[in-house]
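What follows is each chain in one-letter form.
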Amino acid sequence: MNYRSGTTMLSRVADSLYWMSRYLERAEHTARLIDVDFELRLDQSPEAAAGRWQRLLEALNAPAPKDGDIDATTLTHILALDRGNSSSILSCVTAARENLRQVREQCSSAMWEQLNRLYLQVNSTTAGEAWLLHSYVFFRAVRDGAHLFHGVTDSTMSHGEGWQYIQLGRFVERTDAVARLIGAYLSRLPYSAGQSDQAVESEEYLEWVGLLKSCAAFEAYCKKHTADLRPLRVAEFLLLNPEFPHSVRFSVDKVHTALRAIADMTERKAEQPVRLAGRLGASLSFSQIDEVMASGASAFVDSIRQQCAQAHTAIHQIYFDYPVETALA
Amino acid sequence: MPHTRSRIRSFLRPVTVSEPARALFRPPFRNYQFDSTYDEMFEAPGVPRPHYQALFQTLLELPAEEMRKTQQAADLSFLHQGITFTVYGNDEGTEKVFPNDLLPRIIPHQEWRKIEAGLTQRMTALNLFLEDVYHRGRILADGIVPRELVYSCRHFRREMRNLTVPRGIYVSICGTDLVRLPDGSFAVLEDNLRVPSGVSYMLANRKVLKKVFPTLFRDYGVCPVDHYAQALLATLRALSPLQSTTRHEPTVVLLTPGVFNSAYFEHTFLAQQMGIELVEGRDLLVHDNVVYMRTTAGLKRVDVIYRRVDDDFLDPLCFRRDSNLGVPGLFNAYRAGSVVLANAVGTGVADDKAVYAYVPAIIRYYLGEEPILPNVTTYLLTDRAQRTYVLEHMEELVVKAVGESGGYGMLIGPHSSAEQREEFRQRIEAEPRNYIAQPTLALSRAPCFLEGEAQARHVDLRPYILYGENVTLVPGGLTRVALRRGSLVVNSSQGGGSKDTWVLRA
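Residues numbered from 1 in each chain as written. Chains lettered and ligands numbered in written order. Predicted model: local features only at pLDDT ≥ 70, side-chain atom pairs only at ≥ 80, totals over all residues.

(A) How the structure looks around the overall build of chain B. Across its full length, chain B carries 15 helices and 24 strands. C-alpha atoms of chain B, sized along the principal axes, occupy 75 × 60 × 50 Å. Taken across its 506 residues, chain B has 46% of its residues classed as buried. Considering only contacts in chain B between residues 6 or more positions apart, those separated by 24 or more positions represent 69%. (Helix = DSSP H or I, 4+ residues; strand = E, 2+ residues; numbered from the N terminus. Buried ≥ 20, exposed ≤ 12 C-beta atoms within 10 Å, placed from the backbone. Contact = placed C-beta atoms within 7 Å.)

Listed below in structure tokens is the structure:
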């Protein structure tokens, strides 16, 4: 089908929309992870909490602090408000807004206003003891801000090529982030093939709740499997569920859909990214969780992330930064 | 209370001044400064001009608290919409809201008709002048404008010699600065023929004012300005080289220097309103003298470029080599006629402040008409007698560098120190061609809502003129305000603000 109706999209604009969306998704993800971690820490003994910082840092791909022992305030500050940390929430929201500012004539005014408002709010937050007390308000604002932005986007922007790049950025980022998060959890919970999938003990229970909540998946999981938490089911839900918007499979499907739409709209021969995303989606939809666990969950998650990165590179080479010779030929 | 049309009419009756003048300035005008300077609103102390009567009445009835809240809401809405300009040389918070004042400046229909006629005449003559100096140079041969004045102008582009531009139109988009002379009539202070900015603020101000004074706005019968973007697009399309070829519609783009430019908001705004692509130099490339933009669907040909990049930075192969903002090869494509630039290259020669002094002569020469809008008295410093006069009267005069804009490179005599005057004296003597002098104008004053009351501030007026099929003006413009008390500088980079301009219907 040919959607194309004489509209043009600059490569630079597509690039900016894509990255704007990725940064916003990253900010939202980081906010949720820290917030969930905060809440969990209150219910746990200090010993249990100790190892979790590392996992959090690993899940967020943040550098480990130089001095091993670091207090919650400082760490949260680094992850949330540090301008020097390029993946802090503040940096991500700033980068998202800067990207949108460069293409603001491409989006609706309502979208720009929403993101600008979020930026002004995040930017006016200052760290400190007082901040820590009310940090949940901050994290909430970031999540709400991102949700609002996507709501406004869906209802005020044409679902054309530009919108597809926003989808693409959002779900490429989500695929990578959720896969990394699951990887960070599973690598710390050894699983041997044939092990029975039992309900987990109380201390561990909280960990699994944490993982689900970090993906906004706790309620959705309970609806499907009841509050009976079993590691295999949790892993299956987050990796392979086709309906839950934060599962890896769902995200990969969205990436695939967006890429097919873009290929149609631009009439460009773009087998490479579509093929990569399609293959990844197929492998997720035909996988079974016990096989995955038996052959090594970490390896599986790593391969997902690798294929995701390949798709990203292919998108970049075909739509954003192609050599002039190929286009003139 | 709603203002009806008949109620406004009733204000047109002559007002007799019987009470002591001072007592007539009631709040919020209690501290209003009124003297010999022309005031837009008042003709006598406490006595508004007829066309300001309805606004005056509204302000008397409106609690100051309410006005303050409205102003805050307006400021916030500007901030949220990101209607900002960029302040150079400042790392953090580089964007500033362009201050907007809530009290409209009102221009009666008759007065506007004259402005319109005057600016149309001027725009026509200046385009003929540019066509002439880049071709035969009749006006130079006839000795009306001195040859050396044109050739020594920094913005004269010899690359433009004998290049024919579509319809012979060099300047399609112009913003001319008008001021009031002491007798209240308008005069031209400056022609901006290169990349005039500010039109987006005109539109943004209007949007806010319609929300703040809906009834007053309707009852006044204000001419709309919202169609500016459409008119601009029509103007740009009219310049397209392919009027009658196979392709249906010319591809028009807006070329911006990028996100760090002070007028970036305006560029995005206009591109969006016109529905055209906003491109940066890196989005364009030239192949075989054809300009393309790089899109996700491959390369797409570009026909007309509304460029907001200065001549100097357009093409590193032709002008400044260190420019990263331009497109290599663009000027060759332009010469080949495959792409149109608006405004054309080299228009700066006609808004040079020394050439400005000759505009009345230019109008007489090409059109055989008397100028409808006069110039401000201008002293050319290349002339020995005029220079001597200026150097002796520097504390009364304004000295301006000829090629500058934005309020830079200026000496305001009455507000200057002895050292500053000495510095300018040396500069003038070193390079007389680079400076002109004008009397310090007492710009007219208009009420602004500041610090919870109405205060008088100096204003000017910048209407926007378009020239495609023919010369058109949207009825209105940007009224710029010097927000600092007593200041005469209205430029946004120098602490200026703006207010909406209401041109009344006939």
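(B) View of the overall build of chain A. Of the regular secondary structure elements, chain A holds 16 helices and zero strands. Counting over 329 residues, chain A shows a buried share of 45%.

(C) Summary view of the confidence of the model for chain B. Residues and elements named next belong to chain B. Per-chain confidence: chain B averages 88 in pLDDT, with 91% of residues scoring 70 or above. Residue range residues 1-21 is modelled with pLDDT below 50. Its contacts to residues more than four positions away, or to other chains, number 23 contacts. Here the prediction assigns the complex a pTM of 0.83, and the interface score ipTM is 0.76. (pLDDT = per-residue confidence, 0-100.)

(D) Structural context of helix α12 (residues 248-266) of chain A. All names here are of chain A. With 19 residues, α12 should reach 27 Å at 1.5 Å per residue; the first-to-last C-alpha distance of 27 Å fits that figure. Extensive coverage of α12 is indicated by the burial of 14 of its 19 residues. Just downstream of α12, glutamate 267 is the residue with a positive phi angle, here 55°. (Expected span 1.5 Å × (residues − 1).)

(E) Inspection of the environment of aspartate 383 of chain B at higher detail. Position of aspartate 383 of chain B relative to the elements: it lies in the loop between β15 (379-380) and α14 (384-392). Taking C-alpha positions, aspartate 383 of chain B is 8.6 Å from proline 432 of chain B, a pair spaced 49 residues apart along the chain.

(F) Inspection of the packing of helix α1 (residues 11-43) of chain A against helix α4 (residues 89-101) of chain A at higher detail. Residue and element names in this part refer to chain A. Packing of α1 against α4 brings their axes to within 8 Å, and their N-to-C directions diverge by 160°. Considering the angle they form, α1 stands roughly antiparallel to α4. For the element pair α1 and α4, the recorded crossing hand is left-handed. Two secondary-structure elements touch here, α1 through Ser16, Trp19, Met20, Tyr23, Leu24, Arg26, Ala27, Thr30 and Ala31 and α4 through Ile89, Cys92, Val93, Ala95, Ala96, Asn99 and Leu100. Its residues assigned to classes, the contact of α1 with α4 comprises 12 nonpolar, three polar and one charged. (Axes fitted to C-alpha atoms, helices over the stretch in contact; angles between N-to-C directions. Parallel < 35°, antiparallel > 145°, perpendicular 65-115°, else oblique. Left-handed = near helix turned anticlockwise from the far one by under 90°. Nonpolar A, V, L, I, M, F, W, Y, C, P; charged D, E, K, R; others polar.)

(G) Expanded view of the sheet that holds β15 of chain B. Residue and element names in this part refer to chain B. Taken in spatial order, the four strands of this open sheet run β15-β18-β16-β17, and their pairing is antiparallel. Two strands in the sheet have a free side with no partner beyond their single neighbour: β15 and β17 (410-412). Of the strand pairs in this sheet, strand β16 (residues 397-401) and strand β18 (residues 435-439) are connected by five bridges, and their pairing is antiparallel. Of the residues in β18, the one forming a bridge with valine 399 is alanine 437. (Pairing = 2+ DSSP bridges.)

(H) Molecular detail of the nonpolar core. Counting 237 residues, the largest nonpolar core has Ala27, Ile182 and Leu238 of chain A together with Ile362 of chain B as the members making the most contacts within it. If near-sequence neighbours (up to four positions away) are discounted, alanine 27 of chain A is found in contact with Ile89, Cys92, Val93, Ala96, Val142 and Ala146 of chain A. (Core = buried A, V, L, I, M, F, W, Y, C linked by C-beta atoms within 7 Å.)

(I) Just unusual backbone geometry, in detail. All names here are of chain B. Each neighbour pair has its own omega, and for alanine 342 with asparagine 343 the value is -5°, a cis peptide bond. Not every positive phi belongs to a glycine, and glutamate 451 is a case in point at roughly 50°. Position of glutamate 451 relative to the elements: it lies in the loop between β19 (445-450) and β20 (453-458).

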